[in-house]
Amino acid sequence: MSVLRSRPVLRWLVPATAAVAVIGGGAAIGTFAAEAEPSLPPRTAAQLLVDLQTSRLEGLSGTVVQRADLGLPPLVGLVPGNELTTLLTGTHTLRVWYSGPDQQRVALMDTLGEQDIIRNGRDLWTWQSRSNTATHRTLGGDAGAWKPAPEPAASMPATPQQAADLALGAIDPSTEVSVGRSATVAGQDAYELVLQPRDDDSLVHQLRIAIDAKQHVPLRFEVLAKGSDRPAFEVAFTQVDYRRPDADQFRFNPPPGVTVDEEKAERPTGKPGHVEPSGDPQVRAVGEGWTTVLVGRLDGADVGRKPATKPATPPAGSAPDMDMSKLLGGLPTVSGDWGSGRLLTSKLFSVLLTDDGRVLAGAVTPERLYQAARG
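Reading the values: rules and limits
- Residues numbered from 1 in each chain as written.
- Predicted model: local features only at pLDDT ≥ 70, side-chain atom pairs only at ≥ 80, totals over all residues.
- Heavy atoms only, no water.
- Salt bridge = Lys/Arg side-chain N within 4 Å of Asp/Glu carboxyl O.
- pLDDT = per-residue confidence, 0-100.
- Contact = heavy atoms within 4.5 Å.
- Buried < 20%, exposed > 50% of the residue type's maximum accessible area, 1.4 Å probe, protein only.
- Helix = DSSP H or I, 4+ residues; strand = E, 2+ residues; numbered from the N terminus.
- Pairing = 2+ DSSP bridges.
- Patch = residues over 30% accessible without salt bridge, like charges linked within 9 Å, V, L, I, M, F, W, Y side chains within 5 Å.
- Areas by Shrake-Rupley, 256 points an atom, 1.4 Å probe, with all protein chains shown as cover.
- Lys, Arg positive; Asp, Glu negative; His and termini not counted.
- Charge placed at Lys NZ, Arg CZ, Asp CG, Glu CD.
- Axes fitted to C-alpha atoms, helices over the stretch in contact; angles between N-to-C directions.

### Things to note about the pattern of salt bridges
Counting across every chain of the model gives ten salt bridges. Salt-bridge contacts for Asp248 lead to Arg251; the nearest nitrogen and oxygen are separated by 2.1 Å.

### Section: the confidence of the model for the chain
Averaged over all residues, the pLDDT of the chain equals 76, while 68% of them reach at least 70. Under a pLDDT of 50 for its full length, residues 1-34 has, in the predicted model, 113 contacts with residues more than four places off or in other chains. The low-confidence segment residues 145-155 (pLDDT under 50) makes 37 contacts with residues lying over four places distant or belonging to another chain.

### Examining the pairing of strand β3 (residues 103-110)
The buried fraction of β3 amounts to six of the eight residues, a majority that puts the element mostly inside the structure. Here β3 pairs with strand β4 (residues 113-120) via eight bridges, running antiparallel. Note that in β4 the partner of Asp110 across the bridge is Gly113. Between β3 and β4, which pair antiparallel in sequence order, lie two residues.

### Looking at the pairing of strand β5 (residues 123-128)
Where a strand is regular, its side chains alternate between the two sheet faces. Examined bridge by bridge, β4 and β5 share six bridges and lie antiparallel to one another. Paired with Asp116 across the bridge in β5 is Trp127. Two strands pair when backbone bridges link them, and β5 and strand β6 (residues 133-138) are joined in this way by six bridges, in the antiparallel orientation. Residue pairing for β6: Trp127 is matched across the bridge by Ala134. The turn joining β5 and β6, which pair antiparallel and follow one another in sequence, is formed by four residues; a positive phi near 50° is taken by Asn132.

### Here we look at a negative patch on the surface
A surface patch of like charges, here negative, comprises Asp199, Asp200, Asp201 and Glu367. Along the chain, Asp200 falls in the loop between β9 (188-197) and β10 (204-212). Looking at Asp200, the relative accessible area reads 64%, which means it is exposed.

### A closer look at helix α7 (residues 366-374)
Of the residues making up α7, those classed as buried are Pro366, Arg368, Leu369, Tyr370, Ala372 and Ala373. Buried-residue contacts for α7 involve β14 (284-286), β15 (293-297), β16 (333-336), β17 (339-345), β18 (350-354) and β19 (358-362).

### Some details on the sheet that holds β18
In spatial order, the strands read β14-β15-β19-β18-β17-β16; together these six strands make up an open sheet with antiparallel pairing. If you trace the sheet from one side to the other, it starts and ends with β14 and β16, each paired once. The mean angle between the axes of side-by-side strands here comes to 30°, regardless of whether they run parallel or antiparallel. Both β15 and β19 contribute to a ladder of four bridges, which runs antiparallel. Bridging from a neighbouring strand, Arg297 pairs with Arg358 of β19.

### Points about unusual backbone geometry
Phi angles above zero are rare outside glycine, and Asn132 is one such case at about 50°. By the element assignment, Asn132 lies in the loop between β5 and β6. With relative accessibility at 19%, the residue Asn132 sits in the buried group. If you check the backbone angles, His216 has positive phi at about 60° while not being a glycine. Along the chain, His216 turns up in the loop between β10 and β11 (218-225). For His216, a relative accessible area of 22% puts it in the partly exposed group.

Structure follows, in structure tokens:
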């Protein structure tokens, strides 16, 4: 069992920290290879927003590279299988195919194999080459354009389009929207839409979306933290083709020896790609906009209390549970009129784990977390 599934608070905490990178903004990562700035007719921010909302794409295939370095403290060895650090650091390469709302495919390529998720009509297949296992689910008639992403990148946007959808859905009066510099991305001329929070308590400096000048499709998405001129998170096409992919790309042919698990159809909660922490009754949101803080409770005993016994050995084939005492021991202690606990900070988000078992997270300064903890 995944550590994210075995601990409910981690199921929302990791997507929440990922959402910090897309709806909030070690070594800094480099941007994708820069190309000469093209000369494009001027367009306003309002016109670019309309372009995004009215674009009609019939087909697409390409290669996407996702990079993240959020300046996390060393977590190696604290999470079994390094699942958390895999989600929030490093570089991932994906191949994507799109042929309408009921035909999509995403393939996550890594050094140890490939993970695919294929939507073809009502059939949803996932496959992992390392274990040669597959799952099949028959979607309901109202499945719509549900587009999940393969793990371990499931909690991070797999394409610039997914990231842009999250960011644009978060625009409110606390957001300043402007036009940046034009660019060339994956060989395509593109405009740049810039979103910037007005609230000083946000750790996000800017979100930048490069939009294809002709097809009006997001080609690159970047998040910059305050005090840095390099992206802390970015996802971009390095190659793109707007022709409709061949239908064979969406047919799953089980390889020899594959183990197939048939699952019952389940409807996801909320919008596709949208983080829904409120689905867990233990989690609530404090504040709004860029400085929203998610507040929940950690499973089991108080954070400040060490476990009395060693956790039982997990069943064969499952990942061991997280050693919370080891994780907490590596974080600095903090205290105030709100209480005491441990603090995890990065370039783009902060997480406070209080000794009475609360977890507070957001794309905000620690002071904003302390303020929410007092409430």
